[in-house]
2 protein chains.
Amino acid sequence: MSTAEPLPARRGRPGYDRDGMLAAAVAVFNEQGYDATSVSALAGRLGVSKAALYHHFSSKEELLGAALDHALDGLEGTLTAPRAGGAAEHLAGVLHDAVIVLAERLPEVTLLLRVRGNSEVERRALDRRRAFDQAVGALVQRAQAEGAVRADVDAAVAARLLFGTVNSLVEWYRPEGPEGAETLARDVVAVALDGLRTR
Amino acid sequence: MSTAEPLPARRGRPGYDRDGMLAAAVAVFNEQGYDATSVSALAGRLGVSKAALYHHFSSKEELLGAALDHALDGLEGTLTAPRAGGAAEHLAGVLHDAVIVLAERLPEVTLLLRVRGNSEVERRALDRRRAFDQAVGALVQRAQAEGAVRADVDAAVAARLLFGTVNSLVEWYRPEGPEGAETLARDVVAVALDGLRTR
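Residues numbered from 1 in each chain as written. Chains lettered and ligands numbered in written order. Predicted model: local features only at pLDDT ≥ 70, side-chain atom pairs only at ≥ 80, totals over all residues. Heavy atoms only, no water.

The name an unreviewed UniProt entry gives chain A is AcrR family transcriptional regulator, with Microbacterium pseudoresistens as the organism.

### Digging into the side chain of Thr78 of chain A
Residues and elements named next belong to chain A. Along the chain, Thr78 falls in helix H4 (residues 60-80). By relative accessible area, Thr78 is classed as buried at 2%. One polar contact links the side chain of Thr78 to the main-chain carbonyl oxygen of Leu75, over a distance of 2.5 Å. With residues up to four places along the chain from it excluded, the contact list for Thr78 reads Arg83, Val94, Asp97, Ala98, Val101 and Phe132. (Helix = DSSP H or I, 4+ residues; strand = E, 2+ residues; numbered from the N terminus. Buried < 20%, exposed > 50% of the residue type's maximum accessible area, 1.4 Å probe, protein only. Polar contact = N/O pair within 3.5 Å; in protein donor to acceptor, adjacent residues only side chain to side chain. Contact = heavy atoms within 4.5 Å.)

### Observations concerning the pattern of salt bridges
Taken as a whole, this structure holds 28 salt bridges over all chains when the rule is applied. When the shortest N-O distance is used, the salt bridge between Glu76 of chain A and Arg128 of chain A registers 2.9 Å. Of this pair, Glu76 of chain A sits in helix H4 while Arg128 of chain A sits in helix H7 (residues 120-145), placing them 52 residues apart in sequence. Its salt-bridge partner being Glu171 of chain A, residue Arg116 of chain B comes within 3.5 Å of it at the nearest N-O pair. In this pair, Arg116 of chain B is assigned in the loop between helix H6 (106-114) and helix H7 (120-145) and Glu171 of chain A in the loop between helix H8 (155-168) and helix H9 (181-194), connecting two distinct chains. Residue Glu171 of chain A is classed as exposed on the basis of its relative accessible area of 51%. The structure contains a network of salt bridges with shared partners spanning Asp69, Asp73, Glu76 and Arg128 of chain A. (Salt bridge = Lys/Arg side-chain N within 4 Å of Asp/Glu carboxyl O.)

### Notes on the relation of the copies chain B and chain A
Each copy of the sequence occupies a distinct position, and chain B is placed on chain A by a rotation of 180 degrees and an axial shift of 0.0 Å, giving an RMSD of 0.0 Å. The superposition of one copy onto the other is thereby described by a two-fold rotation axis. Within chain B, the C-alpha atom positioned nearest to the axis of rotation is that of Gly195 of chain B, 1.7 Å from it. Of the residues that chain B buries at the interface, 100% are likewise interface residues in chain A, meaning the two copies contact each other through the same surface. (Least-squares fit on C-alpha atoms with pLDDT ≥ 70 in both.)

### Section: the side chain of Thr37 of chain B
Mapping Thr37 of chain B onto the fold places it in the loop between helix H1 (18-32) and helix H2 (39-46). Setting aside anything within four residues of it in sequence, one finds Thr37 of chain B in contact with Val28, Phe29, Gln32, Leu42 and Lys60 of chain B.

### Brief notes about the packing of helix H5 (residues 87-104) of chain A against H8 of chain A
Residue and element names in this part refer to chain A. Across the interface, H5 lies against H8 with an axial gap of 10 Å and an inter-helix angle of 25 degrees. Looking at the two axes, H5 sits roughly parallel to H8. Note that H5 runs across H8; the crossing there is right-handed. Where H5 abuts H8, its residues Leu91, Val94, Leu95, Ala98, Val99 and Leu102 lie against Leu162, Phe163, Val166 and Asn167. Class assignment of the residues belonging to the contact of H5 with H8 gives a composition of nine nonpolar, one polar and no charged. (Axes fitted to C-alpha atoms, helices over the stretch in contact; angles between N-to-C directions. Parallel < 35°, antiparallel > 145°, perpendicular 65-115°, else oblique. Left-handed = near helix turned anticlockwise from the far one by under 90°. Nonpolar A, V, L, I, M, F, W, Y, C, P; charged D, E, K, R; others polar.)

Written out as structure tokens, the structure is:
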């Protein structure tokens, strides 16, 4: 189970543990906007005191940082997972696993994709996103060198298009919907790598 | 040329015509958020009086409606353009032309993709977007029936993935960048329809 779903407060003990508080805060950030949410408003929405919030997190920015780390750790993990095969198979695995990460950490990835670099925490997250995009671009380039991927599309553009497809899922994918994450991951690889047209 | 670029105010006549005022307003909406921009703030940013604004547009919502219409008219036009060939060629043409529309009407399409249905004007735009998506889904389905497009991916999901790829361009495409709109349109068709993998 992802840490993304807000934990229901337990009967008679209206408290959150650290993960539950983080998940609930991320939901509020996505709904109202991170910048527009004050610590007081956040505590109010969570039904806890500011002191209870500060028991787990020293600041609103620490909440943001923890959420972005959770999304980025998952995405970066897709690059380092051991895989058999050449660069094209590696790329297919990265795409597939990135869809799974997005589905399982949907609120955190949604938050990540809205980051614009308004603070040190946001700029660090953007740096990690940029490094991730570059690593995917390098992987496309290796697959091109191996002859497994068409060379008439610029590798960096191809990487952006691939992750444009993946990232666009936050606009409509809902875990409770009919489309399972595994089917969706397979569909993304099928469309983006193998193409929609029959061969 | 698109009406998207803010028209420079002419020397000694600090005025906008209707298109120029619309383009300048859309730029402000994208920068500050439509809901967060008051008519007074908008007039201030444009360096005109509220009366000058109201000379061309009766309300902030009329500005929004005109911008969204401009984006949607362009997208819908990709469906009705006459094309030779079967459904798959039609789909390729729609994708190609949608990238060109996005590149030429980037500020209006950006605004469209942020619409969440907060007013009657926004809900009408969302209805048109939904009808557009359904028409693309129907086109994928026809191409599947013709055997030109793989049938193992749900047509509605395929349509969403295709336009997820197209729409993600607003995140990084810049008209002044090295990637021309025509090359990009070709790349999107190549990756999404024919696949990145060599055949």
